[in-house]
Each structure stands twice: as C-alpha cells, then as structure tokens.
Amino acid sequence: MIIGGSASQKLSAKVAWDLGENLSPIETRRFPDGERYIRIKGEVPKEVVVIQSTGYPQDENLMELFLLLKNLKSLGVERTRVVIPYFGYGRQERRFKSGEAVSAVIVAELLEAAGASEIYSINLHEKNIKEFFNIPVHEISAMPMIANYINTQVDDPMIIGPDKGALGFAEEISGILKCDCDYLEKTRISPEKVEMKPKNLDVKGRDVVIIDDIISTGGTIVSASRILNDLGANKVLVGCVHPILVEDALLKIFAAGVDDVFATDTLKSDVSTISVAPLVAGYLKKFE
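In this text, all values refer to a predicted model and were calculated from it rather than measured experimentally.

K.L.:
Whenever I open this one, the pairing of strand β6 (residues 79-84) confuses me. Can you help?
P.N.:
Within a regular strand, side chains alternate between the sheet's two faces. Counting buried positions along β6 gives six out of six residues, so the element sits mostly inside the fold. Side chains R79, R81 and V83 project from β6 onto one buried face, and the interleaved T80, V82 and I84 project onto a second face that is buried too. Two elements, strand β5 (residues 47-51) and β6, share five bridges in a ladder whose sense is parallel. Within β6, the residue paired with V50 across the bridge is V82.

Take a look at the structure:
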C-alpha cells in the first residue's frame, strides 16, 4: 500500500500506478487553532510505503509525516518504508557556530522515533546525512533521468556545474551522454550573494546545460548564466533535481538569458517536467 502525504500526492499516485499498488487516501485538515488533523482511511496492511517531500512549508510537511508514521505504528504496521524525495533540513548537518541546532541529525532521530523502518531519498544535499540514521537509507540519483531529458532537448551539449561542488553531477550526466563537462569557480559571499569567475571555457557556439542538485534563490545560476552567455554560448539551459525556487528565483534566472529551466518532481514547481516516479518504484521493488 502507498500512502501519499499532502506534499507528494501526484508523485505518490504515479509510484502506486508503476508498482500496481493501492493508493490509500488520507484525510487531513486543520483545527481552528491551526493544529493538524490526520486520518488514514481504510484498513492498513503490515507493510506500507509513505511518500512525503519535506520542502516548503518544511515544518508543516515534517509534522504531517511524523503524525502519519506514528499513527501507522500504532495501527499495527510492522514495516514502514518512507520515501522523502526532497529531504528538508538537510543542509545543516554540522555545527558551524556554537549553539547551533544540527537540524539534519534531529530530523533523522525524529523520523526513526516516529516509526520509519527505511528511508529512500533523491540526491541528498549532504551525503553524510545517511550516517545519522540507524535504519537503512537508500539514496537515489536522478541524474540518469535528467540526462535522458537533456538528450531529447539538445544535441552534443556541454554540461556545466555552477561550482566545483556540482562537478560530480555534471560528470555523471556527461558520462551518460558521452559529452564534455566542466565547472565554474564560485565564492559565496553571503547566503544570497555569490561571486563567480570564468575559467578558460570554450563554450562559443555551444549549447550549454548548467546542472545542480538544488536551485533555491537562483543567485548562483544567474551568475553562471551571465558568464556563459558572455563567453558566447549558443543556448543556456538550466536543470536541477530539487526546484526550491524561492520568491522570484525563476524570473531572475530567465532574465539572465536562460533559454529553458527543467527539474524533477521531488518538489512541485512550474518547471517540474521530469518525474522520479519510475526511479522510486524501481528502488522500492529492488528492496521489497
């Protein structure tokens, strides 16, 4: 049985269809004081899959997930596999300043305490998050699906990471497509401001695809796009796994001369054109 949380209803339905599993409806609403009401309709089997992304609003989606998991445990479910397409609170995986809450550790502990038996997630932002769990954690890469999408849109692209941290994603995709890849040099000045320097990239007349795992404010992508356009790129496309896209991020990206933006449906957005449902379904079958 598949249970889809409020943040991942469409994705849950696709996964259930791919697996030939029943999709259990849930009733969720708010009490007048803002607290959440959760009810799972119908009987539940001994093994259940819950799918819930924990992007914005992170606190609400996490609380719903905790309520679902604990409720299933109290209803007698013995194995609850939890698919978290986008793992919210995953960027604070260490204490950078004294007194900071290490949110990734806390969320991991709460998921286990609530009743998660296994975790499945798409392209964790920090790889060491898996170490915070005492239960199996399966990380799934969406890069092969993104590569397939790029292959339908561009001939002989050059894949660019907007910084060295994204080079691994660019290399994974370029390895699949058998094309060139590189990255730009970036220095982050503040959470909203970055400084980028062009390398000796030969992109003149090339169709370039900038790839990253997350696009949040869009500042990095805007800077990278302007540099690549200045270097004479023919087209600049932008792709990511998790389209957070806060406020006017998408507007700023297109205003920087980007021809197209695409992402997966780990989060709901206007550019979520690539579904990870087949990937999730495949992993659930692999470890059933």
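That was the structure; now back to the text.
K.L.:
In this structure, what is going on with the environment of K14? I would like to understand it.
P.N.:
Structurally, K14 can be placed in helix α1 (residues 9-19). Spatially, the C-alpha atom of K14 lies 8.6 Å from that of S275, the residues being 261 residues apart in sequence. When neighbours within four sequence positions are excluded, K14 is seen to be in contact with D265, S275 and A277.

K.L.:
Mind showing me how you'd approach the packing of α1 against helix α8 (residues 277-286) here?
P.N.:
Working note: a packed helix pair is described by the angle between its axes plus the distance between those axes. One can describe the packing of α1 onto α8 by two numbers: an axis separation of 9 Å at closest approach and a directional angle of 50°. Considered as vectors, α1 and α8 are oriented oblique to each other. The two elements α1 and α8 meet at a crossing, and its hand is right-handed. Contacts between α1 and α8 involve L11, K14, V15, D18 and L19 from the first element and A277, P278, V280, A281, L284 and K285 from the second. Across the contact of α1 with α8, the residue classes tally to eight nonpolar, no polar and three charged.

K.L.:
Got a minute to help me understand the packing of aromatic side chains in this structure?
P.N.:
How two aromatic rings sit relative to each other is set out by the distance from centre to centre and by the angle between their planes. Tallied over the full model, the rule gives five aromatic pairs. Look at F31 and Y37: their rings are 5.9 Å apart centre to centre, the planes differ by 90°, and that puts the pair in the edge-to-face class. Plain terms: the ring middles of Y283 and F287 are 6.0 Å apart, the flat faces sit at 35° to each other, and that makes the pair tilted. For F287, a relative accessible area of 29% gives the class partly exposed. Among the aromatic side chains, those forming a connected cluster through ring pairs are Y120, Y283 and F287. Here R29 stacks its cationic end above the ring of Y37, 4.0 Å away from the centre of that ring. Above the plane of the ring of Y283 lies K286, whose end atom (NZ or CZ) is 5.5 Å from the centre.

K.L.:
Where do I start with the sheet that holds strand β10 (residues 180-183) in this structure?
P.N.:
Sheet strands pair via backbone hydrogen bonds, and the direction of the pair is either parallel or antiparallel. With respect to topology, six strands assemble into an open sheet ordered β10-β9-β13-β14-β15-β16, the strand pairing being parallel. Because the sheet does not close on itself, it has two edges, and the strands there are β10 and β16 (272-274). Across the sheet, the mean angle from the axis of one strand to that of its neighbour is 35°, orientation sign disregarded. Packed on one face of the sheet, helix α5 (residues 167-177) meets β9 (158-161), β10 and β13 (207-215) and runs near 175° to β10.

K.L.:
So what exactly am I meant to see when it comes to the environment of D248 here?
P.N.:
Note on placement: D248 falls in the loop between β14 (235-243) and α7 (249-255). According to the relative accessible area criterion, D248 is partly exposed, its value standing at 36%. A C-alpha to C-alpha distance of 31 Å links D248 and D33, two positions 215 residues apart in sequence.

What counts and what doesn't
Residues numbered from 1 in each chain as written. Predicted model: local features only at pLDDT ≥ 70, side-chain atom pairs only at ≥ 80, totals over all residues. Heavy atoms only, no water. Buried < 20%, exposed > 50% of the residue type's maximum accessible area, 1.4 Å probe, protein only. Helix = DSSP H or I, 4+ residues; strand = E, 2+ residues; numbered from the N terminus. Pairing = 2+ DSSP bridges. Contact = heavy atoms within 4.5 Å. Axes fitted to C-alpha atoms, helices over the stretch in contact; angles between N-to-C directions. Parallel < 35°, antiparallel > 145°, perpendicular 65-115°, else oblique. Left-handed = near helix turned anticlockwise from the far one by under 90°. Nonpolar A, V, L, I, M, F, W, Y, C, P; charged D, E, K, R; others polar. Phe/Tyr/Trp six-rings, centres within 6.5 Å; stacked < 30°, edge-to-face > 60°. Lys NZ or Arg CZ within 6 Å of the ring centre and 35° of its normal.

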